[in-house]
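Residues per chain are reported as follows:
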Amino acid sequence: SFATLASPPQVAIGGADGSPIAGGTVALTGSATTYGGRTIASYRWAITDGDSLALISSTTDRPGVTLQTLAAGSVTVQLTVTDSVGASRSVETTLTVAAAPVVVTPPETGGGGGGGGGAMGLGWMFGLASAIGLLARRRLSD
């Protein structure tokens, strides 16, 4: 039928599930179905919104690509598939990229080998000096 001959390929994007994190990668895969004995002539991937938040870090003319996320926010990716008679169809998917977790590392306090947790603090030194003073006084009185 004429409708079947004029129908563009059916297109889908997979791999966009989950919650990508900024600084990570997402593998996206495209699939297409053609009609009437036609074949897929080309795939074309593009970021249509949020291009400052991610980039496609592989060749864009293949069924699958890798999306490198750079920052948190929404990124819309489009796949256009064209068949052997020039009929094409595009689909889009939007990914919400989460901020990378913040890791807080306590500052280095210096002073060498660590361990002990500050046993020579000012209060400890005052207590030690008082104890030595009391012992010395006791010895003198004996």
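Note: the structure precedes this text.
Residues numbered from 1 in each chain as written. Predicted model: local features only at pLDDT ≥ 70, side-chain atom pairs only at ≥ 80, totals over all residues. Heavy atoms only, no water.

Asks: What is the right way to read the overall build of the protein from this model?
Replies: Helices and strands together make up the secondary structure of the protein, namely two helices and seven strands. The buried share of the protein, taken over its 142 residues, is 23%. Counting only contacts in the protein whose residues sit at least 6 apart along the sequence, the fraction spanning at least 24 positions is 56%. Carbon and sulfur atoms make up 57% of the accessible area of the protein, which totals about 9200 Å². (Helix = DSSP H or I, 4+ residues; strand = E, 2+ residues; numbered from the N terminus. Buried < 20%, exposed > 50% of the residue type's maximum accessible area, 1.4 Å probe, protein only. Contact = heavy atoms within 4.5 Å. Areas by Shrake-Rupley, 256 points an atom, 1.4 Å probe, with all protein chains shown as cover.)

Asks: What's the story with the nonpolar core in this structure? I'm lost.
Replies: Most often, soluble globular proteins have nonpolar side chains that are buried together. Within the largest apolar cluster, 19 residues are counted, with the highest numbers of intra-cluster contacts made by Leu28, Trp45, Leu67, Val75 and Val77. Secondary structure elements with two or more residues in this core: strand E2 (25-33), strand E3 (40-49), strand E4 (54-56), strand E5 (64-69), strand E6 (73-83) and strand E7 (88-97). Element by element, the count of residues in this core is highest for E6, at four residues. Excluding its chain neighbours within four sequence positions, the residues that come into contact with valine 77 are Ile13, Leu28, Trp45, Ala46, Ile47, Leu67, Val91, Glu92, Thr93 and Leu95. (Core = buried A, V, L, I, M, F, W, Y, C linked by side-chain atoms within 4.5 Å.)

Asks: Please clarify how the sheet that holds E6 should be interpreted in this entry.
Replies: Backbone hydrogen bonds hold the strands of a sheet together, and the pairing may be parallel or antiparallel. Ordered by their spatial adjacency, three strands build an open sheet running E3-E6-E7, and the pairing between neighbours is antiparallel. In the strand order of this sheet, the two ends are held by E3 and E7, each with one partner. Averaged over neighbouring strand pairs, the angle between their axes works out to 20° when direction is ignored. (Pairing = 2+ DSSP bridges. Axes fitted to C-alpha atoms, helices over the stretch in contact; angles between N-to-C directions.)

Asks: Whenever I open this one, the environment of alanine 72 confuses me. Can you help?
Replies: Checked against the element boundaries, alanine 72 lands in the loop between E5 and E6. Taking the C-alpha atoms as reference points, alanine 72 and valine 97, 25 residues apart in sequence, are found 4.8 Å from one another. Beyond its immediate chain neighbours, meaning those up to four positions away, alanine 72 contacts Ala22, Leu53, Val97, Ala98 and Ala99.

Asks: Which parts of the structure should I look at to understand the pattern of salt bridges?
Replies: Oppositely charged side chains can pair when the atoms bearing their charge come close. All told, the structure shown has one salt bridge when counted by the stated rule. Measuring nitrogen to oxygen at the nearest pair gives 3.0 Å for the salt bridge that ties aspartate 83 to arginine 38. With aspartate 83 in strand E6 and arginine 38 in the loop between E2 and E3, this residue pair connects regions lying 45 residues apart in the sequence. Aspartate 83 gets classed as buried once you look at its relative accessible area, which sits at 2%. (Salt bridge = Lys/Arg side-chain N within 4 Å of Asp/Glu carboxyl O.)

Asks: Teacher, can you tell me more about the sheet that holds E5 here?
Replies: Taking strand neighbours across the sheet as the criterion, the four strands line up as E1-E2-E5-E4 in an open arrangement whose pairing is antiparallel. Each of the sheet's edge strands pairs with one partner strand only, and the pair in question is strand E1 (10-14) and E4. Looking at each pair of strands side by side, their axes are set apart by 25° on average, direction ignored. With five bridges joining them, E2 and E5 adopt antiparallel strand pairing. Bridged to threonine 25 within E5 is glutamine 68.

Asks: Explain the environment of aspartate 17 to me, please; I cannot follow it from the model alone.
Replies: Assignment of secondary structure puts aspartate 17 in the loop between E1 and E2. Sequence separation of aspartate 17 and threonine 94 is 77 residues, and the distance between their C-alpha atoms is 9.9 Å.

Asks: How should the pairing of E5 be read in this particular structure?
Replies: Residues in a regular strand point their side chains to alternate faces of the sheet. Burial along E5 is one-sided: the residues Val65, Leu67 and Thr69 are buried and none of Gly64, Thr66 and Gln68 is. One ladder, built from three bridges, connects E4 with E5; its direction is antiparallel. When the sheet's bridge partners are listed, leucine 55 is paired in E5 with glutamine 68.

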